[in-house]
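So the chains spell out like this:
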Amino acid sequence: MENSIDLEIISKELDEGLILLDLDAIVTYANPIALSYFGERILSKPIYNFIRAPQLIDLINLKKKPKKFEYIHHANSVQTYLITIIPLTEKATALKIADYSQKEAFENVRKEFIANISHELRSPLTSIIGFIETLQNLEVSKDKSNHFLKIMQDEANRMSRILDDLLSLSKLEINAYIKPVDNINILENLNIVLSTMEIRLKEKNIRVNLNANNKKSIKSIIKGDFDEITQVFNNLIDNAIKYSPENKTISIDVDYKRNDNKLNTISISISNEGKGIAEEHLPRLTERFYRVDKDRSRDVGGTGLGLAIVKHIMNRHDGELFITSNFNKKTTFSIILPLIS
Ligand code: ADP
């Protein structure tokens, strides 16, 4: 009895399906994940009514070592499962069921990410190698060689920015489940970031219009990671400058919101004018290396990772990111964060 209680507690925590069968392959127990795959109806019924795989009965009857097979299940959607048959006693067998579709999807994302990284680093490297060869093989004037060296420097800086952003992302993934502990005054943090952008704003003659008139928003404190919140403002304001035409205004609106049953929140909306972003791109902007216009992002020094980083940081802070854009008019990136005071 005690054993079966332990099994239930453990199997509820598993992130794979677990089914127990008796001597006649009747389902005596299924954990919540197995039930979500095959439905409650499997309980007290023979398993081969639901998992229609010829090898299943043979493997159950074999009663030797655990054996695995891949099973394609046709229900509302087609799912691939990896089923491991584990003989327990003469009379009982366990089936461990892993969702292979999810694993496959995860594996594909991982492969695509690595292919993207290789490609992103390969292009600046190819250009650097090309210029080194040119400088080695040709009689090049001082002016030309300076020009080539400047391009090589830009490309090397780009590689360095990509690697910095990748490191930031992997650090965020490692810390995803650790709650941040700094008390951060949002407006102070925002002003620090703005002061570091002064030269770039001057270069493009862009004005910043910061609206935070409400006293509550001026005093708003969040529980967060100081460096990460700084990075969020850095990335969003940096993008607003990069993608705004010259001689325009960037608006930053800070709004305190009182919520009755939840924590109060603060929203920071950063808007810039410009070409805008067509609606079909909006849901994909926070994917790693997704850009609307690759050449434009490249020309303005983008890595394609800035918004992926912002999204990760928002998740870690129980915050949200919203993006709206009027084509050829205004683009707004808003973040909303829960307040502690
Ligand atoms: P990047 O380094 O290319 O800027 P991001 O992840 O920061 O990468 O942004 C992804 C893409 O979203 C950009 O390439 C650009 O197409 C679009 N984007 C981001 N911010 C803005 C903005 N403020 N205005 C217009 N487009 C933007």
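Note: the structure precedes this text.
Keep in mind that this is a model prediction, so the values were computed, not measured.

K.L.:
Just to check I follow, could you spell out unusual backbone geometry for this structure?
P.N.:
If a residue is not glycine, its phi is most likely negative; likewise, a peptide bond is most likely trans. Residues other than glycine seldom take positive phi values, yet Ala25 does so here, at roughly 65 degrees. Secondary-structure assignment places Ala25 in the loop between strand S1 (17-21) and strand S2 (27-30). On the basis of relative accessibility, which here comes to 4%, the residue Ala25 falls in the buried class. In this structure, Asn328 takes a positive phi of about 65 degrees despite not being glycine. Mapped onto the elements, Asn328 comes out in the loop between strand S11 (320-325) and strand S12 (330-338).

K.L.:
I tried to follow the pattern of salt bridges on my own but got confused; where do I start?
P.N.:
When charged atoms on two side chains of opposite charge get close, those side chains can pair. For the structure on display, the rule yields 17 salt bridges. Residues Lys96 and Glu16 are paired through a salt bridge, measuring 2.9 Å at the closest nitrogen-oxygen approach. With Lys96 in strand S5 (residues 93-99) and Glu16 in the loop between helix H1 (2-13) and S1, this pair connects stretches of sequence that are 80 residues apart. Using a relative accessible area of 30% as the deciding quantity, one classes Lys96 as partly exposed. A salt bridge links Asp154 to Lys150; its shortest N-O distance comes to 2.9 Å. Of this pair, Asp154 and Lys150 both sit in helix H5 (residues 142-175), 4 residues apart, which is roughly one turn of the helix. One salt-bridge network, held together by shared partners, links Glu16, Lys96 and Lys103.

K.L.:
Just checking my understanding: could you explain the sheet that holds strand S3 (residues 67-74) for this structure?
P.N.:
Pairing between sheet strands relies on hydrogen bonds along the backbone, with the strands arranged either parallel or antiparallel. The antiparallel open sheet is built from 5 strands, whose spatial order is S2-S1-S5-S4-S3. If you trace the sheet from one side to the other, it starts and ends with S2 and S3, each paired once. With direction set aside, neighbouring strand axes in the sheet form an average angle of 25 degrees. Here S1 pairs with S5 via 5 bridges, running antiparallel. Note that in S5 the partner of Leu20 across the bridge is Ala94. Relative to the sheet, helix H3 (residues 54-62) contacts S1, S3, strand S4 (78-87) and S5, its axis offset from that of S3 by approximately 150 degrees.

K.L.:
How do you make sense of helix H9 (residues 226-243) when you look at a structure like this?
P.N.:
Owing to its 3.6 residues per turn, the α-helix aligns residues three or four sequence positions apart on the same side. Under the 1.5 Å per step criterion, the end-to-end length of H9 is 26 Å for 18 residues, consistent within 8% with the ideal 26 Å. Of the positions making up H9, those classed as buried are Glu228, Ile229, Thr230, Val232, Phe233, Asn235, Leu236, Ile237, Asn239, Ala240, Ile241 and Lys242.

K.L.:
In this structure, what is going on with the site of the ligand? I would like to understand it.
P.N.:
In the vicinity of the ligand, 19 residues are found, and the nearest of them are Asn239, Tyr243, Asn272, Ser297 and Thr303. Within the contact set of the ligand, an oxygen atom lies 2.7 Å away from a backbone nitrogen or oxygen of Thr303. Within the backbone of Gly304, one N or O atom sits 2.8 Å away from an oxygen atom of the ligand. Computed on the free molecule, the ligand has an accessible area of 540 Å², of which 96% lies beneath the protein chains in the complex. Secondary-structure elements contributing two or more residues to the shell around the ligand are H9, helix H11 (306-316) and S12. Top contributing element to the shell around the ligand by residue count: H9, with 4 residues. Tallied by class, the residues present in the shell around the ligand amount to 9 nonpolar, 8 polar and 2 charged.

Cut-off values and rules
- Residues numbered from 1 in each chain as written.
- Predicted model: local features only at pLDDT ≥ 70, side-chain atom pairs only at ≥ 80, totals over all residues.
- Heavy atoms only, no water.
- Helix = DSSP H or I, 4+ residues; strand = E, 2+ residues; numbered from the N terminus.
- Buried < 20%, exposed > 50% of the residue type's maximum accessible area, 1.4 Å probe, protein only.
- Salt bridge = Lys/Arg side-chain N within 4 Å of Asp/Glu carboxyl O.
- Pairing = 2+ DSSP bridges.
- Axes fitted to C-alpha atoms, helices over the stretch in contact; angles between N-to-C directions.
- Contact = heavy atoms within 4.5 Å.
- Expected span 1.5 Å × (residues − 1).
- Near = heavy atom within 4 Å.
- Polar contact = N/O pair within 3.5 Å; in protein donor to acceptor, adjacent residues only side chain to side chain.
- Areas by Shrake-Rupley, 256 points an atom, 1.4 Å probe, with all protein chains shown as cover.
- Nonpolar A, V, L, I, M, F, W, Y, C, P; charged D, E, K, R; others polar.

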